[in-house]
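Take a look at the letters that make up each chain.
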Amino acid sequence: MFTGVLTRYKEFLPITEDTPIFTLGEGDTPLVRSKNLWKQIGHSELYFKLEGCNPTGSFKDRGMVMAVAKALEERSSTIVCASTGNTSASAAAYGAYCGLKTIVLVPKTGVATGKLTQALAYGARVLAIDGNFDQALKLVRSLADVQPITLVNSINPNRLQGQKTAAFEIVDNLGDAPDYLFIPVGNAGNITAYWMGFREYKKIGRAARSPHMMGFQAEGAAPIVRGEIVASPETVASALRIGNPASWKGALAARDESGGVIDAVSDKEILEAYKLLAQFEGIFCEPASAASLAGLLKLSRQGMPFEDKRIVCVITGTGLKDPEIATRFFDLPIQGLPSDLSTIQKAVANA
Ligand code: AN7
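As the structure is a prediction and not an experimental result, all values here were calculated from the model.

So, how was this worked out
Residues numbered from 1 in each chain as written. Predicted model: local features only at pLDDT ≥ 70, side-chain atom pairs only at ≥ 80, totals over all residues. Heavy atoms only, no water. Helix = DSSP H or I, 4+ residues; strand = E, 2+ residues; numbered from the N terminus. Rg over C-alpha atoms; globule rule 2.2 N^0.38 Å. Buried < 20%, exposed > 50% of the residue type's maximum accessible area, 1.4 Å probe, protein only. Lys, Arg positive; Asp, Glu negative; His and termini not counted. Charge placed at Lys NZ, Arg CZ, Asp CG, Glu CD. Polar contact = N/O pair within 3.5 Å; in protein donor to acceptor, adjacent residues only side chain to side chain. Contact = heavy atoms within 4.5 Å. Pairing = 2+ DSSP bridges. Axes fitted to C-alpha atoms, helices over the stretch in contact; angles between N-to-C directions. Near = heavy atom within 4 Å. Nonpolar A, V, L, I, M, F, W, Y, C, P; charged D, E, K, R; others polar. Core = buried A, V, L, I, M, F, W, Y, C linked by side-chain atoms within 4.5 Å.

Asker: I'm lost on the overall build of the chain in this one. Help?
Answerer: Tallying secondary structure elements over the chain gives 14 helices and ten strands in all. Computed over its C-alpha atoms, the radius of gyration of the chain comes to 20 Å, within 12% of the 20 Å expected for a compact globule of 351 residues. In the chain, buried positions account for 58% of the 351 residues. Separation of charge centres in the chain, based on 36 positive and 35 negative side chains, amounts to 1 Å.

Here's what the structure looks like:
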């Protein structure tokens, strides 16, 4: 039976007798075996963890359910976050469910339409600032310091606690950790959370090993790869437009402790992977999510051997979040035709 992450992984989470337990259906997302692309990647045993199947369409829900449960426990009445989009959609949904006032700060330009629409639909106050994500995060941090508001960005440790459950699920599904975990990196919360999850499971013997953590930033927003803050992060993957990640140190620790890498992929590589996922695996994700597969393809082409290796690519959010990018990039040839059988027959024959 479906339980949600708070119930399923209660013993691993900061849950007390006073923590309310609820779920909007987050977690227990599919781990789908690659049908076609594994052949291009050194005949690996390749899986995709479909985090777009969470209730608001991204992995953020795992952390949000925990952060909002703790906010309720602390009798908070307002939650706030900065976001490139998905965090705001998730905060707005959980805030609505719990009767909390939700305030989200987003960059005025570049947030995917679907994400903004979600925040508005769930009834959040959306404040669009004349600045980027990093500036928005700085503002909400200051705000939460001076007002009785709960910050639900991933600097709230409850967020990472909830998000680590995705690593638990992978091990529970596969019977052990994979050899490699490929994951997009923006604010670096998710890679930090996965690493925490894998480490915890190994420590108690539920996993015999832990994976190499392979994090990928977008080239125009790759502060960790470059070793310096990026003042104006730019990439087609709007979710990853982050120039000063809050969990920078967590990402470095995940890389170094696991023998992994943090590398960058270009917009071209991201869009290529985005298309391959849709057209060879039937997985429509948002561009940011394709950074994991783009990273894997890049390393594979550079000659890294993956034969028989068990690999999981985390697909962090659904493609429906960003219909404009899809329409622009896929350049969909929609054929307008009269409602006439012989015309349709000809079109079908030529398809
Ligand atoms: C689809 O919503 O930062 O490295 O404000 O939406 O944990 O930040 C989103 C990030 C990957 C990067 N994939 O994860 C936000 C936000 C998708 C995302 C990331 C994001 P982190």
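Asker: So what exactly am I meant to see when it comes to the side chain of Thr19 here?
Answerer: For Thr19, the location among the structural elements is in the loop between helix H1 (5–8) and strand E1 (31–33). For Thr19, the side chain forms a polar contact with the main-chain nitrogen of Thr16, separated by 2.8 Å. Polar contacts involving the side chain of Thr19 include one to the side chain of Glu73, which spans 2.5 Å. What Thr19 contacts, discounting residues up to four positions off in sequence, is Pro14, Met66, Ala69, Lys70 and Glu73.

Asker: Would you mind showing me how to read the sheet that holds strand E8 (residues 212–218) here?
Answerer: Sheet strands associate in pairs through backbone hydrogen bonding, adopting either a parallel or an antiparallel arrangement. Pairing in this open sheet of six strands is mixed, and the strands run E1-E2-E10-E7-E8-E9 from one edge to the other. Taken across any chain shown, the strands that pair with only one partner, and hence form the sheet edges, are E1 and strand E9 (261–265). Each strand axis lies, on average, 25° off the axis of its neighbour in the sheet, ignoring direction.

Asker: Just to check I follow, could you spell out the site of the ligand for this structure?
Answerer: The full set close to the ligand counts 21 residues, and Asn86, Gly186, Asn187, Ala188 and Thr316 are the nearest of them. One of the backbone N or O atoms of Gly186 is found 2.8 Å from an oxygen atom in the ligand. Contacts to the ligand include Asn187, whose backbone N or O atom sits 2.7 Å from an oxygen atom. Elements that contribute at least two residues to the shell around the ligand include exactly helix H3 (86–98), helix H8 (189–203) and helix H12 (287–301). When its residues are assigned to classes, the shell around the ligand shows eight nonpolar, eleven polar and two charged.

Asker: Could you clarify how one ought to interpret the nonpolar core in this entry?
Answerer: Most often, soluble globular proteins have nonpolar side chains that are buried together. Counting 53 residues, the largest nonpolar core has Leu181, Ile191, Tyr194 and Phe198 as the members making the most contacts within it. Ignoring anything within four residues of it in the chain, the contact list for Ile191 reads Ile183, Val185, Met213, Gly215, Ala251, Ala254 and Ile262. If you look at the next biggest cluster of nonpolar residues, it comprises 38 residues, including Val265, Ala290, Ala291 and Ala326.

Asker: Please clarify how the side chain of Thr87 should be interpreted in this entry.
Answerer: Position of Thr87 relative to the elements: it lies in helix H3. Setting aside chain neighbours within four positions, we find Thr87 in contact with Lys60, Met64, Cys81, Ala82, Val152, Asn153 and Arg159.

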